[in-house]
Structures are given as structure tokens and as C-alpha cells.
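# Summary of the model geometry
Here are the chains, one letter per residue:
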Amino acid sequence: IFNTVILLFVNDLDEKLFTSLRAISPEWLEKISRDIAASFSLNVRMNIQYTSEQTRKIAQIEKKIAKKCNAIKAVEAKHEKLKTKIKGLKARHITKNKKIKKLQVKTQELDMKVQELESLVEQQIRRFNDMERNQAKVVAENKKLQEKVTGFETEQATKNKK
């Protein structure tokens, strides 16, 4: 592979030099090309054209590879951004889970306090009901005592009149 890369590089360099010479001195290049063609026959001209075509194809492939590399780099950059976003989301998720757990603990504590208060309310209701019963008994006893007092006073008043 290394040798192939070197050959492609030298070939590309040769093609660029050939193009430069054609731009600088086309007559001289044509004369040299005719001399070479004459010395190596017509196959040389065909080989030069074939090499030029191969070089052009290689250049096209290199451009495609460069585009693909750029696309890969763009995807990698997006991937890194997404990884960063995911890390942020995970951190927020963990934070929210902690807050939820704290709220659950507070809810449990409040539920226990509500149960305690409900128990106290039930106790107070029982006490209130006991007090109402006791009050009714006291009222009844007071009535009896009042009747006895009234009866006693009536008796005393009757005895005092006699």
C-alpha cells in the first residue's frame, strides 16, 4: 500500500508537471512528445493518455474520499454534541430523581403527621363525647338536687309556718 501511494504521488506530480509545461511552452512540449513517440512508437502516446485518464480518475476518487471524510467529521462532531447533551440529561435526571426521593421522604413524614393528627382528633372527639355525657349526667344530677332543694325549701317553709 505504501508503494502504491508513492507511485500515485509521483504519477500525480508527473501529471501536474506535464500540465504546467503545456501551459508554459506547448510547442516545446509537443516537439519533445513527438521525439519520445518516435523513439518508443505510438504506444507511448497511448500510455500517456491512459496514465492521464487514470490520474484524473484517482483525483476524482480522492475528491470523493475528501467529501466522505468531511461528512464523517461532521457526523463525529454531531455525535460528540449528542454525547454532551446526553451527559447533561443524565445529570438532570439524577438531580430530579434525588429531588423526587426527597419529596417522597417528606410526603411520608407528612403522612405520618396526618395520621398522628387524625389519631389526636379521634381522641379529642372521644373526650368531647365523654364530657358531653358527663355534662348530661351533671345536669341531670343538678336537676335532682335542685328538685331536692326546692322540696326541702318547701318543707322548711311549711314547717316555719306551723
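Note that the structure is predicted; figures quoted are calculated from it, not measured.

### So, the overall build of the protein chain
Within the protein chain, the secondary structure is distributed over three helices and zero strands. In sequence order, the secondary structure elements of the protein chain are arranged as α-α-α. Relative to the compact-globule value of 15 Å for 162 residues, the protein chain shows a C-alpha radius of gyration of 56 Å, a clear excess of over 25%. Projected onto the principal axes, the alpha-carbon positions of the protein chain cover approximately 180 × 30 × 15 Å. Per-residue burial for the protein chain yields a buried fraction of 4% across its 162 residues. For the protein chain, the accessible area works out to roughly 15200 Å², and carbon and sulfur atoms hold 62% of it. Here the protein chain contributes 36 positively and 21 negatively charged side chains, and the mean placements of these two sets differ by 1 Å.

### Some words on the confidence of the model for the protein chain
In the predicted model, the protein chain carries a mean pLDDT of 86, and the fraction of residues at 70 or more is 90%. Averaged pLDDT values over the elements of the protein chain bottom out at 78 in helix 2 (residues 26–40) and peak at 87 in helix 3 (residues 42–161).

### Observations regarding the environment of Glu 80
With respect to the secondary-structure elements, Glu 80 resides in helix 3. Of the residues examined, Glu 80 reaches a relative accessible area of 43% and is grouped as partly exposed. It is 56 Å that separates the C-alpha atoms of Glu 80 and Trp 28, two residues lying 52 residues apart in sequence.

### Overview of a nonpolar patch on the surface
Together, Phe 2, Ile 6, Phe 9, Val 10 and Leu 13 make up a nonpolar patch on the protein surface, roughly 540 Å² of accessible area in all. Structurally, Phe 9 can be placed in helix 1 (residues 2–24).

### Things to note about the pattern of salt bridges
Scanning the model with the defined rule gives three salt bridges in all. Asp 12 is the partner of Lys 16 in a salt bridge, and the nearest nitrogen-oxygen pair spans 3.7 Å. With a gap of four residues between them, Lys 16 and Asp 12 both fall in helix 1, about one helical turn apart. Asp 12 gets classed as partly exposed once you look at its relative accessible area, which sits at 26%. Note that Arg 133 and Asp 130 form a salt bridge whose closest N and O atoms lie 2.8 Å from each other. Taken together, the positions of Arg 133 and Asp 130, both in helix 3 and three residues apart, correspond to about one turn of that helix.

Analysis parameters
- One numbering rule holds for all chains: residues counted from 1, following each sequence as written.
- Side-chain atom pairs in this predicted model are given and counted only at pLDDT of 80 or more, local residue features only at pLDDT of at least 70, and totals for whole chains, interfaces and linings cover all residues.
- Working from all heavy atoms in the structure, the side-chain values ignore hydrogens and water.
- Strands are runs of DSSP state E lasting at least two residues, helices are runs of H or I lasting at least four, and both sets are numbered from the N terminus onward.
- Radius of gyration here uses only the C-alpha atoms, and the compact-globule reference equals 2.2 Å multiplied by the residue count raised to the power 0.38.
- Only protein chains enter the area calculation, which uses a 1.4 Å probe; residues under 20% of their type maximum are buried, those over 50% are exposed, and those in between are partly exposed.
- Accessible surface is estimated by sampling points in the Shrake-Rupley manner with a 1.4 Å probe; for residues, cover comes only from the protein chains shown.
- The sign given to each residue is positive for Lys and Arg and negative for Asp and Glu; His and the chain ends receive no count.
- For this purpose, a charge sits on NZ of Lys, CZ of Arg, CG of Asp or CD of Glu.
- Known as pLDDT, the predictor's confidence for each residue is given on a scale from 0 to 100.
- For patches, a residue must show more than 30% relative accessible area and have no salt bridge; joins then use 9 Å for like charges and 5 Å for nonpolar side chains, namely Val, Leu, Ile, Met, Phe, Trp and Tyr.
- Basic side-chain nitrogens of Lys or Arg form a salt bridge, by our definition, when they fall within 4 Å of a carboxyl oxygen of Asp or Glu.

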